[in-house]
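Below are the chains, spelled out letter by letter.
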Amino acid sequence: MFNIEEFDIKLDTDYLGRNFVYVEEVDSTNKFLLQTKEYQENGTVLLAENQTDGRGRLNRTWLSNKEQNLTFSILLNEGINPSLINIINLASSLAVAQSIENLYQLHVELKWPNDVLINKKKTAGILLESSSKGNKIERVVIGIGLNVNQPNFTGKYNIPPTSIRLEFKKVVSRERLLSELLNNLEELFTAVEHAPDKVLNDWKNRCKLIGEKIKIISGEETKFGIFEDIDENGFLILKTQSTKEKIHFGDVSLR
Ligand code: BTN
């Protein structure tokens, strides 16, 4: 059982998580926050103890044991600058990394676009989805799946999974972790507005694949090249023998 009081005591935000919705079960917190008009407050956080249809990137499924991890979504619906969406996406994984480092002193790496890795294993993933009216973005939902206290993983995963418990060798407080994460994320959202370059640099410093020979599976295509950089919009720049290409989505791995 998630202790809302314990979470709230350490929450130090102006708007993120100030409207906090806790449910036992939902199909997907992302889907729910995107579709329902019941929650309108900017920064609303919906945390579910169980998702029956948790969604991952690229139409994958997100699997997470009930009541052991954090599966939640954040609603943003005020002053969204469409050109900053990708940086918001990167900032979200950066906030997860900073929070794990601050609380447990574990070494965290980031993998483009927004996987959070400890010892090369995935401990968190982020799925950002949005809905628009005309050319205006109405709602952005940032869904975060963070493996916290899950003791083991069965099934088939794209990247080997892990949890903080497995890496830190202790059960940790989900409440403290969530408040830390939202505190860091709100600061990073301000930085995205005023100093996006700083956010990008902090993100890049944790991405060990920059400069390496990589393979990217992007839709039906597989591309090879050098991961040259992340551009100012958060896209991956792939350098091949003849050209430089901007990659908007895909799965990156070392070649
Ligand atoms: C990934 O593929 O790495 C992204 C996973 C995102 C999972 C989270 S769990 C909470 C939120 N609700 C969903 O249905 N998905 C996201």
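Residues numbered from 1 in each chain as written. Predicted model: local features only at pLDDT ≥ 70, side-chain atom pairs only at ≥ 80, totals over all residues.

Trainee: Is there a simple way to think about helix H6 (residues 196-205) in this case?
Mentor: Three or four residues apart is the spacing at which side chains of an α-helix point the same way, because the helix has 3.6 residues per turn. If you check which residues of H6 are buried, you get Pro196, Val199, Leu200 and Trp203. Looking down the long axis of H6, one finds its buried residues gathered within 100° of arc, a one-sided arrangement. Facing away from the buried side of H6 by more than 90 degrees, the exposed set consists of Asp197, Lys198, Asn201 and Asn205. (Buried ≥ 20, exposed ≤ 12 C-beta atoms within 10 Å, placed from the backbone. Helix = DSSP H or I, 4+ residues; strand = E, 2+ residues; numbered from the N terminus. Arc of directions from axis to C-beta.)

Trainee: Please explain the environment of glutamine 51 as it appears in this structure.
Mentor: Mapping glutamine 51 onto the fold places it in strand E2 (residues 45-51). Here glutamine 51 falls in the buried class, since 25 other C-beta atoms lie within 10 Å of it. Sequence-wise, glutamine 51 and glutamate 25 are 26 residues apart; in three dimensions their C-alpha atoms are separated by 5.7 Å. When near neighbours in sequence (up to four residues on either side) are disregarded, glutamine 51 contacts Val26, Asp27, Ser28, Thr29, Ser64 and Thr71. (Contact = placed C-beta atoms within 7 Å.)

Trainee: I tried to follow the site of the ligand on my own but got confused; where do I start?
Mentor: Near the ligand, the surroundings consist of 20 residues, among which Ser28, Gly56, Gly125, Gly143 and Gly145 are the closest. For the shell around the ligand, the secondary structure elements donating two or more residues are helix H2 (29-35), strand E3 (70-76), strand E6 (121-133) and strand E7 (136-146). Looking at the shell around the ligand, its residues break down into 5 nonpolar, 11 polar and 4 charged. (Near = placed C-beta within 6 Å. Nonpolar A, V, L, I, M, F, W, Y, C, P; charged D, E, K, R; others polar.)

Trainee: Explain the domain arrangement of the chain here, please?
Mentor: Quoted interface sizes are often the accessible area lost when the parts come together. Domain annotation of the chain identifies domain 1 (4-205) and domain 2 (213-254). Taken together, the contact between domain 1 and domain 2 spans 9 residues of the former and 7 residues of the latter. Secondary structure elements with two or more residues in the side of domain 1 that touches domain 2: helix H3 (85-104) and H6. For the side of domain 1 that touches domain 2, the leading source of residues is H3, giving 4 residues. Its residues assigned to classes, the side of domain 1 that touches domain 2 shows 4 nonpolar, 3 polar and 2 charged. (Domains from an automatic or database assignment.)

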